[in-house]
Amino acid sequence: MPEQQTLPSQPSDRRTHQVSALFTHGRLVTIPRKRARLEQLLVHLAETLFERERSYTEREVNEALLTVHEDCSALRRHLVVAGLLVRPRDGSSYRRGR
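Each value, and the rule that gives it
Each chain carries its own residue numbering, running from 1 in the direction its sequence is written. Owing to the predicted nature of the model, reporting of local features is limited to residues with pLDDT of at least 70; listing and counting of side-chain atom pairs is limited to 80 or more, with chain, interface and lining totals taken over all residues. Note: side-chain values were computed over all heavy atoms of the structure, leaving out hydrogens and water. In this description a helix means any DSSP run of H or I spanning at least four residues, a strand means any run of E spanning at least two, and both kinds are numbered starting from the N terminus. Working definition: with a 1.4 Å probe on protein chains only, accessible area under 20% of the residue-type maximum means buried, over 50% means exposed, and in between means partly exposed. Here, the term nonpolar core denotes a set of buried Ala, Val, Leu, Ile, Met, Phe, Trp, Tyr and Cys residues that are joined through side-chain atoms within 4.5 Å. For this analysis, residues touch if any pair of their heavy atoms sits within 4.5 Å. Any Lys or Arg side-chain nitrogen located within 4 Å of an Asp or Glu carboxyl oxygen qualifies as a salt bridge. Only four residue types enter the tally: Lys and Arg on the positive side, Asp and Glu on the negative side, with His and both chain ends excluded. Definition of a polar contact: a pair of N or O atoms within 3.5 Å, with one able to donate and the other able to accept a hydrogen when the atoms are protein atoms, and with sequence-neighbouring residues admitted only if both atoms are side-chain atoms. Residue-level confidence of the predictor, termed pLDDT, takes values from 0 up to 100.

Caption draft 1: Layout of unusual backbone geometry. A positive phi angle, close to 55 degrees, is found at His-25, a residue other than glycine. Relative to the elements of secondary structure, His-25 occurs in the loop between strand S1 (23-24) and strand S2 (27-28). A relative accessible area of 82% means that His-25 is categorised as exposed. Here the phi dihedral of Glu-53 falls at roughly 60 degrees; this positive angle occurs in a residue that is not glycine. Topologically, Glu-53 is positioned in the loop between helix H2 (35-49) and helix H3 (58-66).

Structure representation (structure tokens):
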């Protein structure tokens, strides 16, 4: 019987695994300092916490981010700087970006 070969992990599988290592019991342990790791985390948060084509108030964004980490303002700022959440100049609403 031929031995089964396993395919190498897909990049998205690796990314998911790397991001999941940042969480314990569903909570983000720390906000990564390394840029690449932070980017992976931010993409994960944007994709899992925020729907496309929907507007959010700052309060709703904070509530969503608080489900994973107590420093919601830092996470919100990182998401905006990365272009994953966009807001008008007046800060009245947020939407998923790229």
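Caption draft 2: Examining the nonpolar core more closely. Residues Phe-23, Leu-41, Phe-50, Leu-75 and Leu-79 are the most contacted members of the largest nonpolar core, which totals 25 residues. If you tally residues by element for this core, the top one is H2, at six residues. Look past the residues within four positions of Phe-23 in its chain and what remains in contact with it is Leu-28, Val-29, Leu-41, His-44, Leu-45 and Val-68.

Caption draft 3: Structural view of the pattern of salt bridges. Enumeration according to the criterion identifies five salt bridges in this entry. Put simply, Glu-70 and Arg-27 hold a salt bridge, and the shortest N to O gap is 3.6 Å. One end of the pair, Glu-70, is in the loop between H3 and helix H4 (72-81); the other, Arg-27, is in strand S2, and 43 residues separate them in sequence. Across the pair Arg-95 and Glu-53 runs a salt bridge, and its minimum N-O distance is 3.5 Å. Taken together, the residues Arg-95 in strand S4 (residues 95-96) and Glu-53 in the loop between H2 and H3 connect sequence positions 42 residues apart. The exposure class of Arg-95 is partly exposed, given its relative accessible area of 30%.

Caption draft 4: How the structure looks around H4. Taken together, the buried positions of H4 are occupied by Cys-72, Ala-74, Leu-75, Arg-76 and Leu-79. Lining the buried residues of H4 we find S2, H2, H3 and strand S3 (85-86). Immediately downstream of H4, the backbone of Gly-83 shows phi near 80 degrees, a positive value.

Caption draft 5: Representation of the side chain of Arg-96 in the model. The residue Arg-96 is located in strand S4 in this model. Of the buried charged residues, Arg-96 lacks a salt bridge, with Glu-47 as the closest side chain of opposite charge at 5.1 Å. Of the polar contacts made by the side chain of Arg-96, one reaches the backbone oxygen of Phe-50; its length is 2.9 Å. In contact with Arg-96, not counting residues within four places along its chain, are Ala-46, Glu-47, Phe-50, Glu-51, Arg-52, Leu-84, Leu-85 and Val-86.

Caption draft 6: Quick look at the confidence of the model for the protein. For the protein, mean pLDDT is 87; residues scoring 70 or higher make up 83% of the total. Counting contacts from residues 4-11, a segment whose pLDDT is below 50, to residues more than four positions away or on other chains yields one contact.

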